[in-house]
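Structural overview for review
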Amino acid sequence: MGAATAVTAGLYAFGTQHVPDSSVGLFGSTGADTLPLKSWLATGVLALAGVQLGLALWMYGRLPRVRASGPRIRSIHRAVGVGAILLTLPIAYHCVLAYGVQTHIDTRIEVHSLLGCFLYGAFAAKVLIVRTRRFPDWTLPLAGGTLVVLVAILWYTSALWYFDDFSLPAL
């Protein structure tokens, strides 16, 4: 858990100390022109997180009337997870360098900034939990579920905000 905390704290420290640079580009776009691309990439991440959740439920026999999957699904689960985290990297790159971690503008941006840092710490924790196998059985589903929830909230505070004409629908 120390590694997860270190990743989160490191991103937070960098993001709060870094001077935002709105000229940082993302695939040739800068400023507000990056919002459509980042929103669609984030939507892809959300879709992959949903696939991850379904695959995890299948692997552990938690889907109603469906037997637990075989070892092949574990490989697919891992590949989808790698794809999802790779898809977040251009988004995070642009957010961190162009905007930094902002906690003083409004609640949406503050929540998005803080959870964006926490996402990579939670990812580091999940990888460590999978690799070490020294944790109680409940930690892996907690770590995976945390990642899915983080992706959903990050999508809500960014892509949905963009798709909904720069406003958040009430829950």
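Check the entry above for the structure.
This write-up is about the structure you can find in this document. Fair warning: this is a prediction, and the values are worked out from it, not measured in the lab. (Residues numbered from 1 in each chain as written. Predicted model: local features only at pLDDT ≥ 70, side-chain atom pairs only at ≥ 80, totals over all residues. Heavy atoms only, no water.)

Things to note about the layout of surface pockets
For clarity, the cut-off: Method remark: on a 1 Å grid restricted to protein atoms, a set of points is classed as a cavity if a 1.4 Å probe fits but cannot get out and as a pocket if it is open with protein on both sides within 12 Å along at least five of seven lines; lining residues have an atom within 4 Å of a point. Grid points are joined across faces, edges and corners, and a volume is the space filled by probe spheres set on the points. Helix and strand definitions here come from DSSP, where helices need a minimum of 4 consecutive H or I residues and strands a minimum of 2 consecutive E residues; each element is numbered from the N-terminal end. Under the scheme applied here, ten amino acids are nonpolar (Ala, Val, Leu, Ile, Met, Phe, Trp, Tyr, Cys and Pro), four are charged (Asp, Glu, Lys and Arg), and all others, including Gly, are polar.
Considering only enclosed or pocket space, the largest pocket measures out at about 1200 Å³ in volume. Along the walls of the largest pocket sit 36 residues, with H77, K126, V130, L140 and G144 positioned nearest its centre. Taken together, the elements giving at least two residues each to the lining of the largest pocket come down to α2 (35-59), α3 (71-99), α4 (107-132) and α5 (139-163). For the lining of the largest pocket, the class distribution of residues is 22 nonpolar, 7 polar and 7 charged. Taken as a whole, the second largest pocket encloses approximately 790 Å³ of empty space. Surrounding the second largest pocket, 34 residues form its lining, K38, I91, C95, H112 and S158 being those nearest its centre. Counting residues per element, the ones that place at least two in the lining of the second largest pocket are α2, α3, α4 and α5.

As for the side chain of S158
Our working rule: A simple rule labels every residue: compare its accessible area, found with a 1.4 Å probe on the protein chains alone, to the largest value its type can have, and call it buried under 20%, exposed over 50%, or partly exposed in between. What makes two residues a contact is simply this: any of their non-hydrogen atoms within 4.5 Å.
Mapping S158 onto the fold places it in helix α5. On the accessibility criterion, S158 (19% relative accessible area) is buried. Beyond its immediate chain neighbours, meaning those up to four positions away, S158 contacts S39, R108 and H112.

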